Amino acid sequence: MKRINLIIIACLALAQTLSAQTPAEPKKVSREEVKSVRKGNKDYRKQNYKEAEIEYRKALVADSTSVAGNYNLASTLYNRQDYENATKFIETAASQVSARSADVHFNAGDIALAKEDWGRAMDEFKKSLLENPSDVAAKENYQYAKMKKKEQDDQDQNNNQNKDNQDQNQDQNKDNQENNQDQNKDNQDQNQD
């Protein structure tokens, strides 16, 4: 019996200590937002992205700062290949979230990959890896984006060199044509004399 009383007293002391540490007041969530997000999640799992988009937008009408609404809408828009709007909503979610920021940055990186924005993809996967260093998929995607960025940079450099060579050849051809015209004119003048 004494042991039970000691456990109860310890629990009460712990409860009092924990209640003294008042955490930040959580954001009140509206029923409409929760209902719409849940329905959207069901539609998303069924790959009914158009209906999911409608539900997530309803959630955002109820609360425009809904992290779940913004994050899930971005994922839905990504699956519908609407990358511009997906970027907008994932950025909104990223500005509102800290606990799921690795996921948010990972999805932002995926969107950037789909848009072939290799530099942005690298940045987003790097941010994701800073939050979750053990994420193998983020590491692989970062390496892929890095490789594609290097290929793009090399191709751009080759294109610039080819353009420079082409410009140089055009200038040289123009000079040769002018020289030939001058020579032809001199020959005609000499023939006339």
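For the structure itself, consult the block above.
The structure presented is a predicted model; accordingly, all values stated were derived computationally and were not measured. (Residues numbered from 1 in each chain as written. Predicted model: local features only at pLDDT ≥ 70, side-chain atom pairs only at ≥ 80, totals over all residues. Heavy atoms only, no water.)

Caption draft 1: Spatial organisation of the overall build of the protein chain. Tallying secondary structure elements over the protein chain gives eight helices and zero strands in all. Of the regular secondary structure in the protein chain, the N- to C-terminal order runs α-α-α-α-α-α-α-α. A separation of at least 24 residues holds for 48% of the contacts in the protein chain among residues at least 6 apart in sequence. When the accessible area of the protein chain is evaluated, it comes to approximately 14,100 Å², of which 46% is carbon and sulfur surface. (Helix = DSSP H or I, 4+ residues; strand = E, 2+ residues; numbered from the N terminus. Contact = heavy atoms within 4.5 Å. Areas by Shrake-Rupley, 256 points an atom, 1.4 Å probe, with all protein chains shown as cover.)

Caption draft 2: Region of interest: the packing of aromatic side chains. One pass over the structure, following the stated rule, counts four aromatic pairs. Judged by centre distance (5.7 Å) and plane angle (55°), the ring pair of tyrosine 78 and tyrosine 83 falls under tilted. An angle of 70° between the planes, with centres 5.4 Å apart, marks the rings of phenylalanine 106 and phenylalanine 125 as edge-to-face. One end of the pair, phenylalanine 106, is in helix α6 (residues 101-114); the other, phenylalanine 125, is in helix α7 (residues 118-131), and 19 residues separate them in sequence. Across the pair, phenylalanine 125 and phenylalanine 106 agree in class, each one buried. (Phe/Tyr/Trp six-rings, centres within 6.5 Å; stacked < 30°, edge-to-face > 60°. Buried < 20%, exposed > 50% of the residue type's maximum accessible area, 1.4 Å probe, protein only.)

Caption draft 3: A look at the side chain of serine 66. Within the secondary structure, serine 66 is located in the loop between α3 (49-62) and α4 (67-79). Within the local environment of serine 66, its side chain forms a polar contact with the backbone nitrogen of glycine 69, the two atoms lying 2.9 Å apart. (Polar contact = N/O pair within 3.5 Å; in protein donor to acceptor, adjacent residues only side chain to side chain.)

Caption draft 4: Structural detail: the packing of α6 against α7. α7 packs onto α6 with a crossing angle of 165° between their chain directions and a minimal axis gap of 8 Å. Judged on the interaxial angle alone, α7 and α6 are roughly antiparallel. Crossing angle aside, the handedness with which α6 passes α7 is left-handed. Contact residues: α6 offers Ser101, Ala102, His105, Phe106, Ala108, Gly109, Asp110, Ala112 and Leu113, while α7 offers Trp118, Arg120, Ala121, Glu124, Phe125, Lys127, Ser128 and Glu131. Split into classes, the residues belonging to the contact of α6 with α7 amount to eight nonpolar, four polar and five charged. (Axes fitted to C-alpha atoms, helices over the stretch in contact; angles between N-to-C directions. Parallel < 35°, antiparallel > 145°, perpendicular 65-115°, else oblique. Left-handed = near helix turned anticlockwise from the far one by under 90°. Nonpolar A, V, L, I, M, F, W, Y, C, P; charged D, E, K, R; others polar.)

Caption draft 5: Layout of the pattern of salt bridges. Summed over all chains, the structure comprises 10 salt bridges. The shortest N-O distance in the salt bridge between glutamate 53 and arginine 57 comes to 3.0 Å. Taken as a pair, glutamate 53 and arginine 57 lie in helix α3 at a separation of four residues, close to a single helical turn. Judged by relative accessible area, which is 12%, glutamate 53 ranks as buried. One salt-bridge network, held together by shared partners, links Glu53, Arg57 and Arg80. (Salt bridge = Lys/Arg side-chain N within 4 Å of Asp/Glu carboxyl O.)

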